2 protein chains.
Amino acid sequence: VTTSWVEVPDGSPFPIQNLPYGVFSPAGGAPRCGVAIGDRVLDLSAVVVPHADSFAAPSLNGFLALGRAAWSDVRRSVIDLLTDPAHQPAVEPHLHRLDSVVLHLPVEVADYVDFYSSEHHAMNVGAMFRPDNPALPPNWKHLPIGYHGRAGTLVVTGTDVVRPSGQRKPPDADRPTFGPSLRLDIEAEVAFVVGTPSTLGVPVTTADFREHVFGVALLNDWSARDIQAWEYQPLGPFLGKSFATSLSAWVVSLEALETARIPLPHQDPDVLPYLVDDDAWTLDLALEVRLNGELASEPPFSTMYWSPGQQLAHMTVNGASLRTGDVYASGTVSGPEVGQRGSFLELSWGGRDPLQLPSGREVSFLEDGDRVTITGWATAADGVRIGLGEVSGTILPAHSRNGEVHPA
Amino acid sequence: VTTSWVEVPDGSPFPIQNLPYGVFSPAGGAPRCGVAIGDRVLDLSAVVVPHADSFAAPSLNGFLALGRAAWSDVRRSVIDLLTDPAHQPAVEPHLHRLDSVVLHLPVEVADYVDFYSSEHHAMNVGAMFRPDNPALPPNWKHLPIGYHGRAGTLVVTGTDVVRPSGQRKPPDADRPTFGPSLRLDIEAEVAFVVGTPSTLGVPVTTADFREHVFGVALLNDWSARDIQAWEYQPLGPFLGKSFATSLSAWVVSLEALETARIPLPHQDPDVLPYLVDDDAWTLDLALEVRLNGELASEPPFSTMYWSPGQQLAHMTVNGASLRTGDVYASGTVSGPEVGQRGSFLELSWGGRDPLQLPSGREVSFLEDGDRVTITGWATAADGVRIGLGEVSGTILPAHSRNGEVHPA
């Protein structure tokens with residue numbers, strides 16, 4: 001471990017050990033790629049690093065496509081620039097204060113897949129959505145269940161989220177009604193960002209995970225539970241989730257998370273051979289969910305049942321190809337304890353037992369004006385936090401195009 | 001109706017009334033945009049048309065983004081170029097024989113959504129997949145059910161399709177097994193291509209359909225029924241469909257299909273106000289499915305329950321935004337008659353009653369080497385066919401990466 005000549009405030013999520021990648025615009029400037037350190041961002045398009053031309057772009061995709069060797073080369077180079085004081089005079093002019101720049105979606109998202117890999121979450125939701133069936137579907141422990149989401153509505157942290165309208169049908173009603181969602185929720189998730197593409201028709205194995213996946217981000221899969229419950233059978237979630245999915249501004253490289261690797265929890269029954277990972281690991285990431293600043297939950301990523309490598313192998317075992325910019329998310333991270341649940345649906349048990357916040361507010365679902373912030377970090381061996389930054393969003397009132405659209 | 005100075009062979013799907021858009025490479029040349037007429041393609045990047053710069057690109061997206069007025073301007077200009085003999089000397093050098101060029105995916109696909117809008121198909125599949133429940137889910141007549149598919153595995157007609165491998169569990173087995181799909185199938189569909197984007201948070205109404213949707217193509221949503229049946233509950237189809245989805249090379253503009261507009265079949269019960277379309281219409285498109293050249297089915301698009309305008313309004317009513325290059329498909333087109341079913345699952349009733357082809361071959365699902373070709377067309381008032389071209393693909397044997405991956 002080395003020290004940077006850039007002063008890093010205590011508790012910053014972005015120490016020299018981290019160096020996450022993002023896209024930013026300095027005041028009056030065009031979007032470009034950078035690396036965060038402390039409360040600064042280094043303009044990678046303006047300093048001497050390998051593949052510098054790939055950083056003068058409004059997304060990380062060009063850099064991500066270069067592959068693992070290039071990712072390592074750049075990281076080594078950035079560490080050198082930020083630790084050797086000899087570089088300080090040349091580099092310092094290209095460090096911008098984070099509070100002076102605009103952050104953009106770091107990746108031009110190709111396909112977005114959402115998994116469902118927390119056993120605790122699946123058990124909770126199953127019990128609420130399908131009370132007459134076993135909480136865990138019969139396929140759940142044989143494959144990491146996943147589905148495609150809407151890539152075009154991934155938005156960067158800080159983007160306001162308009163409350164969606166749609167159809168919902170109370171169980172005792174004859175017909176659906178239409179109006180703004182009354183059960184607007186979050187899902188605290190960890191996302192994996194694909195760098196290197198693969199060939200159509202050729203599966204990617206668990207062993208190839210590090211050749212294809214560049215890094216990790218935080219994701220909030222906003223969910224309108226009333227819309228979802230009415231629409232999702234038989235073909236899965238659609239409008240209950242497609243209105244917005246928020247992504248953190250920073251992608252932390254797998255290299256930076258090396259010390260956060262932990263063994264995957266035991267899987268029983270045994271998985272099929274294509275899902276066997278001889279080096280089955282996950283990441284020891286702590287998450288925090290805050291509602292208007294108050295702590296609502298502390299989901300532990302370490303409790304997920306399926307590993308990111310297994311998710312990748314499953315997603316491609318049918319020959320589906322990867323593209324640079326593919327994002328796949330873990331599904332809601334919920335731990336075994338009540339205070340570790342990653343959605344308000346679970347935290348309030350479907351609204352039956354509202355969550356009581358320190359301020360006294362009782363929360364079942366989100367109200368207009370609510371701001372949700374999810375943070376996450378790994379703790380390195382020396383106690384330093386490798387932060388994933390945050391993913392936040394504020395709920396705006398439903399759109400009212402005309403009286404007909406919003407009869408409610 | 002006018003006549004082109006380009007000779008159009010009898011029965012060509014591409015008369016002067018059509019002029020579909022695609023992307024092609026002439027021998028030794030880079031991909032560019034063109035319009036098909038007869039057995040030729042006109043290089044739009046090389047002739048004098050409005051917005052010519054948008055056609056020197058490997059996808060139609062630049063042109064699609066220009067919007068409805070530009071689409072009309074270009075169509076008028078191309079009609080003029082191809083009908084006024086005065087233009088022949090300047091234009092003829094830029095007409096390439098279709099059999100001398102390579103056709104590419106016409107659109108850089110943003111998000112891909114698949115609907116489920118044929119009542120006959122939904123009834124058939126429901127009866128087979130969910131025999132203990134009503135064939136039609138309770139939400140089916142209240143909303144056009146849809147889900148997101150994998151945009152990155154849309155491929156152009158003619159691309160071979162590798163048989164996918166995956167998990168499947170026979171009903172009487174204790175555990176799933178792994179291997180190449182044993183129930184590989186097609187879904188004959190009609191796709192709609194979005195040109196003009198919309199704003200996140202703002203629904204698009206049925207009345208705005210023509211401002212956003214440019215045109216129509218054919219789509220084959222290849223489906224591995226055994227993989228799908230095991231994986232799809234509770235979050236919908238994933239690997240059973242994501243290995244490949246084939247799109248025709250030509251996008252026919254809505255303007256060219258003006259005479260194919262017909263009223264939508266009656267909907268009962270009444271739909272919610274946001275799905276009301278004062279000018280509810282669909283297209284009178286005939287489809288043909290051929291297996292190795294033999295006619296297998298004749299699905300009629302006119303029998304679809306939900307209109308393309310309703311699908312668009314539903315897809316965005318929650319505020320989800322559109323991007324240029326979004327593709328949404330109708331779902332399998334199946335008519336009321338046995339010979340009008342758009343999948344082999346239905347044509348063979350799940351394999352129970354194999355379809356007998358004229359050659360004597362009995363078909364339940366696809367074998368390696370099988371070639372499926374779907375064609376489609378509208379018939380204009382003067383009896384001229386406005387063809388959608390074709391979408392075809394040949395099944396290749398499953399990939400065998402190593403013994404472990406394919407224990408079956």
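About the thresholds
- Numbering of residues begins from 1 in every chain and follows the order in which that chain's sequence is written.
- For this description, chains carry letters from A and ligands carry numbers from 1, given in the order in which they are written.
- For this predicted model, a pLDDT threshold of at least 70 governs which residues receive local features, and a threshold of 80 or more governs which side-chain atom pairs are given and counted, while totals over whole chains, interfaces and linings are taken from all residues.
- The basis for the side-chain values is all heavy atoms of the structure; hydrogens and waters are excluded.
- In this text, helices come from DSSP runs of H or I with a minimum length of four residues, and strands from runs of E with a minimum of two, each type numbered from the N-terminal end.
- Using C-alpha atoms as the atom set, the radius of gyration is obtained and then compared with a globule rule of 2.2 Å times the number of residues to the power 0.38.
- Any two residues whose heavy atoms approach within 4.5 Å at even a single point are treated as in contact.
- We superpose the copies by least squares over the C-alpha atoms of residues that have a pLDDT of at least 70 in both of them.
- Once two parts are put together, the accessible area they lose, assessed with a 1.4 Å probe and summed over both, is termed the buried area.
- Salt bridge criterion: a side-chain nitrogen from Lys or Arg within 4 Å of a carboxyl oxygen from Asp or Glu.
- Contacts described as polar in this section are N or O atom pairs within 3.5 Å, which, within protein, must combine one atom able to donate a hydrogen with one able to accept it, while residues neighboring in sequence count only if both atoms come from side chains.
- Residue classes follow a fixed rule: Ala, Val, Leu, Ile, Met, Phe, Trp, Tyr, Cys and Pro count as nonpolar, while Asp, Glu, Lys and Arg count as charged, and any other residue, Gly among them, counts as polar.
- Only protein chains enter the accessibility calculation, which uses a 1.4 Å probe; a residue is then buried when its area is under 20% of its type maximum, exposed when over 50%, and partly exposed in between.
- When DSSP finds two or more bridges between a pair of strands, those strands are recorded as paired.
- Only protein atoms enter the calculation, which uses a 1 Å grid: trapped sets of points that fit a 1.4 Å probe without letting it out are cavities, open sets showing protein on both sides within 12 Å along at least five of seven lines are pockets, and any residue with an atom within 4 Å of a point is a lining residue.
- Grid points are joined across faces, edges and corners, and a volume is the space filled by probe spheres set on the points.
- Scored between 0 and 100, pLDDT is the confidence that the predictor attaches to each residue.

### Details of the overall build of chain A
Check the secondary structure of chain A and you find 8 helices and 26 strands. Taking 2.2 N^0.38 as the reference for a compact globule, 408 residues should give roughly 22 Å; the C-alpha atoms of chain A span a radius of gyration of 21 Å, in line with that estimate. If you line up chain A on its principal axes, its C-alpha atoms span 75 × 50 × 40 Å. Once local pairs closer than 6 in sequence are excluded, the contacts in chain A between residues at least 24 apart make up 71%.

### Some details on the relation of the copies chain B and chain A
Least-squares fitting of chain B to chain A yields an RMSD of 0.0 Å, with the superposition described by an axial translation of 0.0 Å and a rotation of 180°. Here the two chains are linked by the operation of a two-fold rotation axis. Proximity to the rotation axis, assessed at the C-alpha, singles out B:G236 in chain B; its C-alpha lies 2.1 Å from the axis. An overlap of 100% is found between the interface residues of chain B and their copies at the interface of chain A, pointing to a shared contact surface.

### Considerations on the interface of chain B and chain A
Interface size is commonly expressed as the accessible surface area that is lost when the partners come together. Across the boundary between the two partners, chain B contributes 66 residues, which contact 66 residues of chain A. Both faces considered, chain B and chain A share a buried interface measuring about 6,200 Å² in area, 62% of it formed by carbon and sulfur atoms. Of all residues in chain B, B:R150, B:L235 and B:F238 bury the most surface against chain A, accounting for 13% of the area lost on that side. In this assembly, chain B and chain A are joined by 2 salt bridges. Residue B:D326 is joined to A:R150 by a salt bridge in which the shortest nitrogen-to-oxygen separation is 3.0 Å. Our enumeration of links across chain B and chain A arrives at 26 residue pairs in polar contact (both at pLDDT 80 or more). Elements with a minimum of two residues in the side of chain B that touches chain A: β6 (112-115), β7 (146-149), β10 (165-168), β11 (177-180), α6 (225-231) and α7 (308-316) of chain B. Of the residues contributing to the side of chain B that touches chain A, the split by class is 36 nonpolar, 19 polar and 11 charged.

### Some words on the pairing of strand β2 (residues 32-37) of chain A
Residues and elements named next belong to chain A. The buried fraction of β2 amounts to 6 of the 6 residues, a majority that puts the element mostly inside the structure. Burial along β2 is two-sided: the residues R32, G34 and A36 and C33, V35 and I37 are all buried. Here 4 bridges tie strand β1 (residues 21-25) to β2, and the two strands are oriented antiparallel to one another. By the bridge assignment for β2, G22 is matched with G34. The loop that links β1 with its antiparallel partner β2 comprises 6 residues; one of these, G28, has a positive phi angle of about 75°. In terms of strand pairing, β2 meets strand β3 (residues 40-43) through 4 bridges, oriented antiparallel. Note that in β3 the partner of G34 across the bridge is D43. Between β2 and β3, which pair antiparallel one after the other, the connecting turn spans 2 residues, and G38 there sits at a positive phi close to 60°.

### A closer look at the pattern of salt bridges
Charged atoms that come close allow side chains of opposite charge to pair. Residue and element names in this part refer to chain A. Throughout the structure, instances matching the rule amount to 40 salt bridges over all chains. Linking R361 and D370 is a salt bridge whose minimum nitrogen-to-oxygen distance equals 2.7 Å. The class for D370 is buried, based on a relative accessible area of 4%. Put simply, D185, E187, D221, R225 and K241 are held in one network by salt bridges that share partners.

### Observations regarding the sheet that holds strand β26 (residues 385-396) of chain A
All names here are of chain A. Pairing in this open sheet of 5 strands is mixed, and the strands run β9-β26-β25-β20-β21 from one edge to the other. Looking at which strands have only one partner, the edges of the open sheet turn out to be β9 (161-162) and β21 (294-297). Across 7 bridges, strand β20 (residues 285-291) lies against strand β25 (residues 371-379) in antiparallel orientation. Of the residues in β25, the one forming a bridge with A286 is W377.

### Looking at empty space enclosed by the protein
Under the counting rule described, the total for this entry stands at 9 cavities of 30 Å³ or more. Looking at the largest cavity, its volume works out to about 140 Å³. Lining the largest cavity are 18 residues, with A:L235, B:Y116, B:H121, B:E187 and B:Q228 sitting closest to its centre. Secondary structure elements with two or more residues in the lining of the largest cavity: β6, α4 (119-129) and α6 of chain B. Counting residues per element, the lining of the largest cavity draws most heavily on α4(B), at 3 residues. Here the residues of the lining of the largest cavity sort into 8 nonpolar, 4 polar and 6 charged. Of the volumes computed, that of the second largest cavity is approximately 110 Å³. What lines the second largest cavity is a set of 16 residues, and nearest its centre among them are A:Y116, A:H121, A:E187, A:Q228 and B:L235. Sorting elements by how many residues they give to the lining of the second largest cavity places helix α4 (residues 119-129) of chain A first, with 3 residues. Of the residues assigned to the lining of the second largest cavity, the class counts are 8 nonpolar, 2 polar and 6 charged.

### Some remarks on the confidence of the model for chain A
Overall, the prediction assigns chain A a mean pLDDT of 95, with 98% of residues at 70 or greater. Taken together, the stretch residues 402-408 of chain A has pLDDT below 50 and engages in 13 contacts with residues farther than four places along the chain or on a different chain.

### A few points about the layout of surface pockets
Estimates place the volume of the largest pocket at around 2,000 Å³. As for the largest pocket, its lining consists of 49 residues, and the residues nearest its centre are A:R130, A:N133, A:Y232, A:Q233 and B:Q233. Breaking the lining of the largest pocket down by element, the ones donating at least two residues are α4 and α6 (225-231) of chain A together with α4 and α6 of chain B. For the lining of the largest pocket, the residue count by class is 27 nonpolar, 8 polar and 14 charged.

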